[in-house]
Structures are given as structure tokens and as C-alpha cells.
Amino acid sequence: MSSALVLEDTDSIADPALLRRVCATYPTGVAIVTASDGERRRGGLTINSFISVSLDPPLVLWSLSSRSPNRAFFNSATQGAITILAHDQAELALRFARPHQDKFDGVPLRKVAGDAPVIDGGVAFMRCKPWSVTEAGDHLLHIWEVKAAAVLSPEAPLVFHGGEMRRGFE
Ligand SMILES: Cc1cc2nc3c(=O)[nH]c(=O)nc-3n(C[C@H](O)[C@H](O)[C@H](O)COP(=O)(O)O)c2cc1C
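Model, not experiment: these values are computed from the prediction.

Time to look at the packing of aromatic side chains. If you walk through the whole model with that rule in mind, you get four aromatic pairs. When the centroid spacing of 5.2 Å and the interplanar angle of 75 degrees are considered together, the rings of W62 and F74 count as edge-to-face. Here the residue W62 occupies a position in strand β5 (residues 59-65), and F74 occupies one in helix α2 (residues 71-75), the gap between them amounting to 12 residues. Accessibility classification places W62 together with F74 in one group, the buried group. Of the aromatic side chains, those joined through ring pairs into one cluster are W62, F73, F74 and W144.

Next up, the structure:
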């Protein structure tokens, strides 16, 4: 029997760090999700909880910690954007993963329609319209309808695995 961590059905995950370690074995991309509330206020953060949900209608999902100070802002957002980051954007990912006076200050943005900022230099982006928000444990599941999308570059993506950000593929 391998020495892998095995969780019996009866066990409750008393140790959240265990769940984090198990989920960290699953590689994900890294994205910056941004939104605007239509009154020129904008916000953004780094996520790796992005998944595609439905093709018709085109829906994607990301989850926000219920402890986020921007919870109310994202709940009332009228427009959103998701930028899939490229391998050389780890610093930007860290910047949007920390509270900051103005996370966008000095960050090159892509000129696209809509108020939700799209970060320049990513491998792809989607412009979205919020569709629903559902509470799920200690997170909020935001489902967004994709209104426009583009692949911007064949560059390797940024990947999050084992708690570290690294280049997607060699
Ligand atoms: C690689 C990476 C992925 C992350 N994924 C998420 C996520 O999916 N959902 C989330 O709420 N926070 C996620 N975070 C943490 C947020 O980016 C961080 O808490 C940020 O400060 C939240 O912004 P805010 O304080 O403006 O709400 C992630 C951080 C990193 C570095």
C-alpha cells in the first residue's frame, strides 16, 4: 500500500491544510478577474478557481472567498473580464493577490470594449456579464456569461501547482 495520504470516508477534514495539499496536486492556470460596477469603480484579484461551465449559453465560473473585502463590489458588478495569464506574468499575479490601494496603477491594460479592465500581455481574455452568485461554504460561486473572448498569444501560460506558480509547458 503506497504511503500516500488516504482519507477514510468517515473522517471529516479537520485539517483544512490537508485539503489544500490534496487540491494543490491538481495543476491550474492563473487568471486575473476584474469587474466594474458601471459607476467607474473597478476591482480585481488573482484566481485559479476558473472553470468553463457551459458552452450554450457560454458560461464560466470562478469562486471568491467570502472573506474578501470586495465581496459586495463583485456581487453588484455589472461587467466583468477574465485575463488568462502568460508564463511571464507571475509578478502581476502576486500584485493582484495582495490588497493594494489601486492594483491597476501602472498596469498595462488592453483596449477592449466595456468598463471591466483586461490586463495586457495575457494568453487569452473574456469579457463577461455577471449571471449568478451562489454561496458555497466559505466561498461565493460567480457564474458569468461570456460576451466576447479572444486568444491573444501562443505563449506558454502561467500555471499554479503545488502552491507555486510556474511556466506552463517547456
Ligand atoms: C495563484 C493564486 C490563486 C488564487 N485564487 C483565488 C481564488 O480562486 N479565489 C479567491 O477568492 N482568492 C484567490 N486567491 C487569493 C486572492 O488573490 C487574494 O486573497 C487577493 O488579495 C484578494 O483580493 P482582495 O483582497 O482585493 O479581495 C488566489 C491567490 C493566488 C496567488
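Another aspect to go through is the pairing of β5. For a regular strand, side chains alternate in direction, first toward one face of the sheet and then toward the other. Judged by how many residues are buried, β5 sits mostly within the fold: seven of seven residues are covered. Residues L59, L61, S63 and S65 of β5 are buried on one face, and the alternating residues V60, W62 and L64, pointing to the opposite face, are buried as well. In the sheet, strand β4 (residues 51-54) pairs with β5 via three bridges, with the strands oriented antiparallel. Bridge pairing links S52 to V60 in β5. Between β4 and β5, which pair antiparallel and follow one another directly, the connecting turn spans four residues. In terms of strand pairing, β5 meets strand β10 (residues 139-151) through seven bridges, oriented antiparallel. By the bridge assignment for β10, S65 is matched with H139.

What counts, and where the lines are drawn
- In this convention, every chain numbers its residues from 1, walking through the sequence in written order.
- The model is predicted, so local features are restricted to residues of pLDDT at least 70 and side-chain atom pairs to those at 80 or more, both for listing and for counting; the totals for chains, interfaces and linings are taken over all residues.
- Each side-chain value is worked out from all heavy atoms of the structure, with water and hydrogens disregarded.
- Each pair of aromatic rings taken from Phe, Tyr and Trp, with Trp reduced to its six-membered ring, is defined by centres within 6.5 Å and is described as stacked if the planes are under 30 degrees apart, edge-to-face if over 60, and tilted in the remaining cases.
- Segments assigned H or I by DSSP are reported as helices when at least four residues long, segments assigned E as strands when at least two residues long, and all are numbered from the N terminus.
- A 1.4 Å probe rolled over the protein chains alone gives each residue an accessible area, and that area as a share of the maximum for its type sets the label: buried under 20%, exposed over 50%, partly exposed in between.
- Two strands are counted as paired when DSSP detects at least two bridges linking them.

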